[in-house]
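Topology and contacts: notes
Each chain is listed here by its residues.
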Amino acid sequence: MKAPALCFRQLIVSLLLVAQLHFSYSLENDTGFPQVFPNKQQHFEYESFTVSCEGLNGLTGWRVMRKIKGVDTICASTWETSTGPCEIKTAYRTLDSGEYWCEMKGVKRTNTVTITITAASVILESPLLPVMEGDDVTLLCRMKQTPSNLTAEFYKDGFFMESSSTGEMIIQGVSTSDEGLYRCSIFGAGESLESRLTVTVVHTEICECSEHSCHICLILLTFLTILMVALLLLVVGLLHYGKLEFQTHN
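For the protein chain, an unreviewed UniProt entry supplies the name Ig-like domain-containing protein and the organism Anabas testudineus.

What follows is the structure, given as structure tokens:
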């Protein structure tokens, strides 16, 4: 009975490998969506921005959805035109601030991102999507009507971080300890709202690969799983046949 047990163990391991690869591959592709241009959380009122789901997992039919004041709606003006990018040509604080995500047929959906439209004179330009652990991140404190070369002060979770004469703060090699709520202020102009910086921890996956090589690896692991199933069935069949032969001779 050791042979069937060994085959069964190999089968379970193979299935787990395929499941983990598929899960990690899906996460890798989903974390970059929805795409927002320009890529920042805060936008001045009356500015324009675009939200797109184009290219997500190589599939078409994605729609940009959003939740404004607790109500879920499509981002486009009509359902027929809602599968392309959502272009907000003139952003309004009360109409366009909210959560945005990609959705297909009400079943598949990505994580949400929060876009804030503000009437304030100062914004903090920070990455909208989670940043990878180890990357360098630049936070920019910007005024709406004057150059961004004024001295700015940066705060994290309410605590002063540093002062910058260039209006920017660079976080080198970010880690989870850098996650938090950031804001900035410019003397005589005001301060920005808070934006959250999220860091994605890098894990060593079974297959560290590009999109093309991941497909090949997934096919190989699937083939391995099928092979293990066939081997298991063969062993069980042979044992069953041997048992029948033994019973016949006795």
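1. Remarks on a nonpolar patch on the surface
Among the surface-exposed residues, Tyr46, Tyr92 and Leu95 lie close enough to one another that they form a single nonpolar patch of about 330 Å² accessible area. Among the secondary structure elements, Tyr92 is positioned in the loop between strand 6 (86-88) and helix 2 (93-96). Looking at Tyr92, the relative accessible area reads 36%, which means it is partly exposed.

2. Considerations on the state of the cysteines
Inspection of the entire model under this criterion finds three disulfides. Across a sulfur-sulfur distance of 2.1 Å, Cys53 and Cys102 are joined as a disulfide pair. The sign of the -100 degrees torsion about the S-S bond sets the Cys53-Cys102 disulfide as left-handed. Taken together, the positions of Cys53 in the loop between strand 3 (49-52) and strand 4 (63-68) and Cys102 in strand 7 (residues 98-104) put the pair 49 residues apart, joining distant regions of the chain. Note that Cys75 is cross-linked by a disulfide to Cys86, the S-S spacing being 1.9 Å. When the S-S torsion is -65 degrees, as for the bridge of Cys75 with Cys86, the disulfide is left-handed. Separated by eleven residues along the polypeptide, Cys75 in the loop between strand 5 (71-74) and strand 6 and Cys86 in strand 6 bring together distant segments of the chain. When sorted by exposure, Cys75 lands in the same class as Cys86, which is buried.

3. A word on the pairing of strand 7
Where burial is concerned, most of strand 7 is hidden: six out of the seven residues are buried. Relative to strand 9 (residues 113-118), strand 7 runs antiparallel, the two being bridged by three bridges. The residue bridging Tyr100 from the neighbouring strand is Val113, located in strand 9. Strand direction decides the pairing type here: strand 7 and strand 8 (residues 108-109), joined by two bridges, are antiparallel. Each bridged residue has a counterpart across the sheet, and for Met104 the counterpart in strand 8 is Lys108.

So, how was this worked out
- Residues numbered from 1 in each chain as written.
- Predicted model: local features only at pLDDT ≥ 70, side-chain atom pairs only at ≥ 80, totals over all residues.
- Heavy atoms only, no water.
- Patch = residues over 30% accessible without salt bridge, like charges linked within 9 Å, V, L, I, M, F, W, Y side chains within 5 Å.
- Areas by Shrake-Rupley, 256 points an atom, 1.4 Å probe, with all protein chains shown as cover.
- Salt bridge = Lys/Arg side-chain N within 4 Å of Asp/Glu carboxyl O.
- Helix = DSSP H or I, 4+ residues; strand = E, 2+ residues; numbered from the N terminus.
- Buried < 20%, exposed > 50% of the residue type's maximum accessible area, 1.4 Å probe, protein only.
- Disulfide = S-S within 2.5 Å.
- Pairing = 2+ DSSP bridges.

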